[in-house]
Amino acid sequence: MFNSLKVIFEKDPAAANIFEVLMYQGLWAMFFHRIAHFLYVIKIPILPRLISQISRLLTLIEIHPGASIGRRFFIDHGCGIVIGETTVIGDDVTIYQGVTLGGTGKEKGKRHPTVGNNVILGANAIILGNITIGVNARIGAGSVVTKPVPDNATVIGNPAQILTK
Amino acid sequence: MFNSLKVIFEKDPAAANIFEVLMYQGLWAMFFHRIAHFLYVIKIPILPRLISQISRLLTLIEIHPGASIGRRFFIDHGCGIVIGETTVIGDDVTIYQGVTLGGTGKEKGKRHPTVGNNVILGANAIILGNITIGVNARIGAGSVVTKPVPDNATVIGNPAQILTK
Amino acid sequence: MFNSLKVIFEKDPAAANIFEVLMYQGLWAMFFHRIAHFLYVIKIPILPRLISQISRLLTLIEIHPGASIGRRFFIDHGCGIVIGETTVIGDDVTIYQGVTLGGTGKEKGKRHPTVGNNVILGANAIILGNITIGVNARIGAGSVVTKPVPDNATVIGNPAQILTK
């Protein structure tokens, strides 16, 4: 939690003081998710999903309890975010409102993305399928990504195009 | 309701058991909508819209009571969905979070889309105006569609392009 | 408030009567925002942001208390809207669900858009950075705009292209 607070001050110029930051719904979503994911990993039934649904109602952010999320994950605004069950997210990732890390509906088992360290996912970006987003990649707002993205790449557009490698 | 439960197990690989499925907000949104739509059709004033607004608050899904929706409608995740008053949706349609079935602001009367049987609408897809989406069509995530889509077509992109007929 | 009610009847063909219009979440979001913004301007700490967060929970619309918004602002549906701290919005602007008026993360100080009078922002449109959207401009649904838009222009697509000047 302490790391999460620190990262908000570093990354959000609108963060004025500790009281305001404690209102950040992204912080609460991760608080609920850490509990739900722990219960999911030790195979407690039903309860993890119930926690996740309560969190969705309060924070407008939907993270499946199965999703594995690294340290210093920063969710800004967050309304409409959907993170699927088999998603794997590295450390120091930043994610904005409306982002989907989802499936294509054609895969079984690991069917959601793997996101490398230090990636930024812009508002409303949609990443679909069991693909890898390489470390330090920047995914532009509104991009629709269905193919792997190399390390350090910037992608924009729908369908997404790589800008620089 | 029974049909709705069955379709969730068929279409969602993350649906683990009946308790989890009963938490699905899409199921609740349709429960509220069936009541609101019935009251709307028999011309009860105010109450249908009140039910629809309560449903929006609880499920984050906004369906106007006037919208006509077929059987086995499956809403996945659902946050941010907006379905307009004169929308007509066939049977076996699947719809993801962030989808808009809306108006262009230029039409009167029937001003929202008509969606054929067995259509899939990807996350954040936007369909605007009194246009028809043909049976079995697939609308890619993030597509912006303002022209009719033929039966069996797949469209992607913004502005949307037809991939295959 | 009276102006806000009148504009809903003028702009929304689904607005049937005064009771329904009082349920409009956009109206409530602006009610909360007018109070939060007043407290923000006179430099009351913490409380403005608390009001804004409560409003987000109830209306699904997130407006930073610092945002300056003109008269007869019309929010339709509204789920997922994010309006940043240094945004300036003129009079008679219409905005749909899922719109972001946000920052690029690269600017300090005034880092959110300035939106001219009489602009329409379509569903899920994303406007990023300290850029100006000219008077009477129309921003198509799902557009991603990172450059200034001239007066009277229509832009669509991702990345956004100007259709007409």
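Further up the page is the structure itself.
Residues numbered from 1 in each chain as written. Chains lettered and ligands numbered in written order. Predicted model: local features only at pLDDT ≥ 70, side-chain atom pairs only at ≥ 80, totals over all residues. Heavy atoms only, no water.

**Here we look at the relation of the copies chain A and chain C**
Selection criterion: Here the copies are matched by least squares. The fit uses the C-alpha atoms of residues with pLDDT of at least 70 in both.
Rotating chain A by 120° and moving it 0.0 Å along the rotation axis overlays it on chain C with an RMSD of 0.0 Å. Both copies are brought into coincidence by an operation consistent with a three-fold rotation axis.

**What to know about the interface of chain A and chain C**
Rules: Contacts are assigned to residue pairs that have any heavy atoms within 4.5 Å of one another. By salt bridge we mean one thing: a side-chain nitrogen of Lys or Arg within 4 Å of a carboxyl oxygen of Asp or Glu. In this description a helix means any DSSP run of H or I spanning at least four residues, a strand means any run of E spanning at least two, and both kinds are numbered starting from the N terminus. In this count, Pro and Cys sit with the nonpolar residues alongside Ala, Val, Leu, Ile, Met, Phe, Trp and Tyr, while Asp, Glu, Lys and Arg are called charged and the others, Gly among them, polar.
Taken together, the contacts link 24 residues of chain A with 22 residues of chain C. There are 0 salt bridges connecting chain A and chain C. Looking at the side of chain A that touches chain C element by element, the count peaks at 3 residues for helix α4 (residues 47-59) of chain A. In terms of residue class, the side of chain A that touches chain C is made up of 12 nonpolar, 11 polar and 1 charged.

**Topic: helix α3 (residues 25-41) of chain A**
In an α-helix, one turn spans 3.6 residues; hence positions three or four apart end up facing the same way. All names here are of chain A. Filter applied, for reference: Each residue after the first adds 1.5 Å to the expected span of a helix. Only protein chains enter the accessibility calculation, which uses a 1.4 Å probe; a residue is then buried when its area is under 20% of its type maximum, exposed when over 50%, and partly exposed in between.
With 17 residues, α3 should cover 24 Å at 1.5 Å per step; its first-to-last C-alpha distance of 24 Å lies within 8% of that length. Those residues of α3 that sit buried are Q25, G26, L27, A29, M30, F32, H33, A36 and L39. Taken from the residues just after α3, K43 is the one with a positive phi, measuring 65°.

**Examining the environment of L22 of chain B**
Residue and element names in this part refer to chain B. Among the structural elements, L22 can be located in the loop between α2 (18-21) and α3 (25-41). Judged by its relative accessible area of 38%, L22 falls in the partly exposed class. In this structure, the C-alpha to C-alpha distance between L22 and L5, residues 17 residues apart in sequence, is 8.0 Å. Apart from the residues lying within four places of it in its own chain, the contact partners of L22 are L5, L27 and W28.

**Here we look at the pattern of salt bridges**
All names here are of chain A. Tallying each qualifying case throughout the model produces 12 salt bridges over all chains. A salt bridge links E62 to R56; the shortest N-O distance between them is 3.0 Å. The class of E62 is buried, set by a relative accessible area of 6%. The exposure class of R56 is buried, given its relative accessible area of 3%. A salt bridge links R71 to D91; the nearest nitrogen and oxygen atoms lie 3.5 Å apart. Taken together, the residues span a long stretch of sequence, with R71 in the loop between β2 (68-69) and β3 (74-76) and D91 in the loop between β5 (88-89) and β6 (94-96) at a distance of 20 residues.

**Re the side chain of H33 of chain B**
Mapped onto the fold, H33 of chain B is located in helix α3. Since its relative accessible area comes to 3%, H33 of chain B is described here as buried.

**A look at the sheet that holds β5 of chain A**
Two orientations exist for strands paired in a sheet by backbone hydrogen bonds: parallel and antiparallel. All names here are of chain A. The following threshold applies: When DSSP finds two or more bridges between two strands, those strands count as paired.
Reading across the sheet, the 4 strands line up as β2-β5-β8-β11 and stay open at both edges, with parallel pairing between neighbours. Of all strands in the sheet, those bounded by a partner on one side alone are β2 and β11 (132-133). Where β5 and strand β8 (residues 114-115) come together, 2 bridges link them in parallel fashion. Bridging across to β8, V88 finds its partner in T114.

**Overview of the sheet that holds strand β1 (residues 62-63) of chain C**
Residue and element names in this part refer to chain C. As summarised here, the arrangement of the 5 strands in space is β1-β4-β7-β10-β13, forming an open sheet in which the pairing is parallel. The open sheet has two edge strands with one neighbour each: β1 and β13 (144-145). Relative to β13, strand β10 (residues 126-128) runs parallel, the two sharing 2 bridges. Residue pairing in the sheet places I126 in a bridge with V144 of β13.

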